[in-house]
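Structure assessment
As a plain string of letters, each chain reads:
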Amino acid sequence: YTLDGSTPTSSSPQYFAPFLIASNVTLNAIAVAAPLLNSSVASQAFSPNLAADTLVWSDEFSNNGSSAIGPDAKLWAYDTGTNCCGNNELETYCAYGSTAPPCSTASPNAYVGTDGYLHIVALSPSPGVYTSARLKSQGLFSFQYGRIEARMQLPESQGMWPAFWMLGSNIATVSWPASGEADIMEHIDGANPPFSVGTAPPGYDWIAGSVHGGPSAANEANGSERYNPAGFSAAAWHTYGMIWSKGQIQFYVDNPSNIYATFNTGNFNGTWPFDQGPMFIILNLAVGGDWPGKPDSTTAFPSNMLVDYVRIYTN
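This is a predicted model, so every value here is computed, not measured. (Residues numbered from 1 in each chain as written. Predicted model: local features only at pLDDT ≥ 70, side-chain atom pairs only at ≥ 80, totals over all residues. Heavy atoms only, no water.)

Structural notes on unusual backbone geometry
That bond from Pro101 to Pro102 is cis: its omega, 5 degrees, falls within 30 degrees of zero. Tracing the backbone through its elements, the reader meets Pro102 in the loop between β6 (92–93) and β7 (110–112). Going from Phe301 to Pro302, the amide bond is cis rather than trans, its omega being -5 degrees. Along the chain, Pro302 turns up in the loop between β19 (279–287) and β20 (303–313). Phi at Tyr145 takes a positive value of approximately 70 degrees, unusual for a residue other than glycine. Mapped onto the fold, Tyr145 is located in the loop between β10 (134–136) and β11 (146–153). Under the relative-accessibility criterion, Tyr145 is labelled partly exposed at 29%. Backbone geometry places Ser175, a non-glycine residue, at a positive phi of 70 degrees. Position of Ser175 relative to the elements: it lies in the loop between α1 (171–174) and β13 (181–186). Overall, Ser175 belongs to the partly exposed group, its relative accessible area being 42%. (Helix = DSSP H or I, 4+ residues; strand = E, 2+ residues; numbered from the N terminus. Buried < 20%, exposed > 50% of the residue type's maximum accessible area, 1.4 Å probe, protein only.)

Okay, structure coming up:
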């Protein structure tokens, strides 16, 4: 399909999941099944005429009941299993309601509490065994261009690796990193900081925003910037956001005017992957892995990553 009024071909973006249309576009689509001829073009014009900064999608993680509930199954699926996702992480990712050991319904790793927050919880049900959760909108919801943000409170303990990020919906066909990866927020703490403590203000804290792409992991193009102003604490509530427009991605903290990193086709060393189609959302809390290292005797279990909301606005 195409969104710019042009005629789609077999090399145009492929449809993988429902995607948000929040601007005036003409959607043209064809069906392709080699060796058959392509279908005729189906077309639909959309004219929502939305002003900039209009809220067009959100999950507020509402829960008006008296007990915890699962995340909305219409919006969130899960990656599951042990070492499901690389990086030599140590956790087993558990879906809500999973009973396969070491997962347990008695101690869910992802739930919406009566406090109205999404809880992603890292647990250690036995020595050396870790469970957590990785939620994703893959196959259920995606979008291209706009402003996305989440209000979050992060765990700070050795081996904890919370993240709020996005992957291209075409990852099943082009693989990573050609699909593109936009890391809106990543954070580690403990004994393995990613830069010299001596170069940062006393009592510093930080988060990082990054972009990744490239034809293969061997020649991955990437860019990363940290946010670590004096007085910032990732353990406090903050809003982490990304402004995504054609040819450019920007990251901010707390206010869209507070941009601390800008990546675009001019400063990205490789093929820019972020204009090829929609991306889906991921929220996860990893335990261990190449970057943070292993938990130790100081690591707190359970460790809670709290999410107040995820919201998407028009550019």
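Section: the nonpolar core
Ile148, Met152, Phe164, Ile207, Tyr240, Ile281 and Leu283 are the most contacted members of the largest nonpolar core, which totals 53 residues. Sort the elements by how many residues they give to this core and β19 lands first, with five residues. (Core = buried A, V, L, I, M, F, W, Y, C linked by side-chain atoms within 4.5 Å.)

Regarding the side chain of Ser169
Considering the arrangement of structural elements, one finds Ser169 in the loop between β12 (160–168) and α1. Among all residues touching Ser169, those that are not within four sequence positions of it are Phe16, Ser142, Pro278, Met279 and Phe280. (Contact = heavy atoms within 4.5 Å.)

Notes on the packing of aromatic side chains
For the structure shown, the criterion picks out 16 aromatic pairs. Between Trp57 and Phe141, the aromatic rings sit 4.5 Å apart at their centres with planes inclined by 10 degrees, giving stacked as the arrangement. On the criterion of sequence distance, the pair formed by Trp57 in strand β3 (residues 55–59) and Phe141 in the loop between β10 and β11 is long-range, its members being 84 residues apart. A single burial state applies to Trp57 and to Phe141, both of which are buried. One aromatic cluster in this structure is built from Tyr1, Tyr15 and Phe19. Positioned above the aromatic ring of Tyr313 is the side chain of Arg147, whose terminal nitrogen or guanidinium carbon lies 4.1 Å from the ring centre. (Phe/Tyr/Trp six-rings, centres within 6.5 Å; stacked < 30°, edge-to-face > 60°. Lys NZ or Arg CZ within 6 Å of the ring centre and 35° of its normal.)

A closer look at the side chain of Asn284
Topologically, Asn284 is positioned in strand β19. On the basis of relative accessible area, Asn284 is assigned to the buried category, the value being 4%. Among the polar contacts made by the side chain of Asn284, one reaches the side chain of Tyr93 at a distance of 3.0 Å. Each residue touching Asn284, except ones within four places of it in the same chain, is listed here: Tyr93, Ile120, Ala133, Arg134, Trp161, Pro162, Ala163, Trp165 and Met305. (Polar contact = N/O pair within 3.5 Å; in protein donor to acceptor, adjacent residues only side chain to side chain.)

Structural notes on the pairing of strand β16 (residues 238–245)
Here β16 lies mainly inside the structure; seven of its eight residues are buried. Pairing of β11 with β16 involves seven bridges; the strand directions are antiparallel. The residue of β16 that forms the bridge with Gly146 is Trp244. Here β16 runs beside strand β17 (residues 248–253); their pairing, made up of six bridges, is antiparallel. Bridge pairing links Tyr240 to Val253 in β17. (Pairing = 2+ DSSP bridges.)

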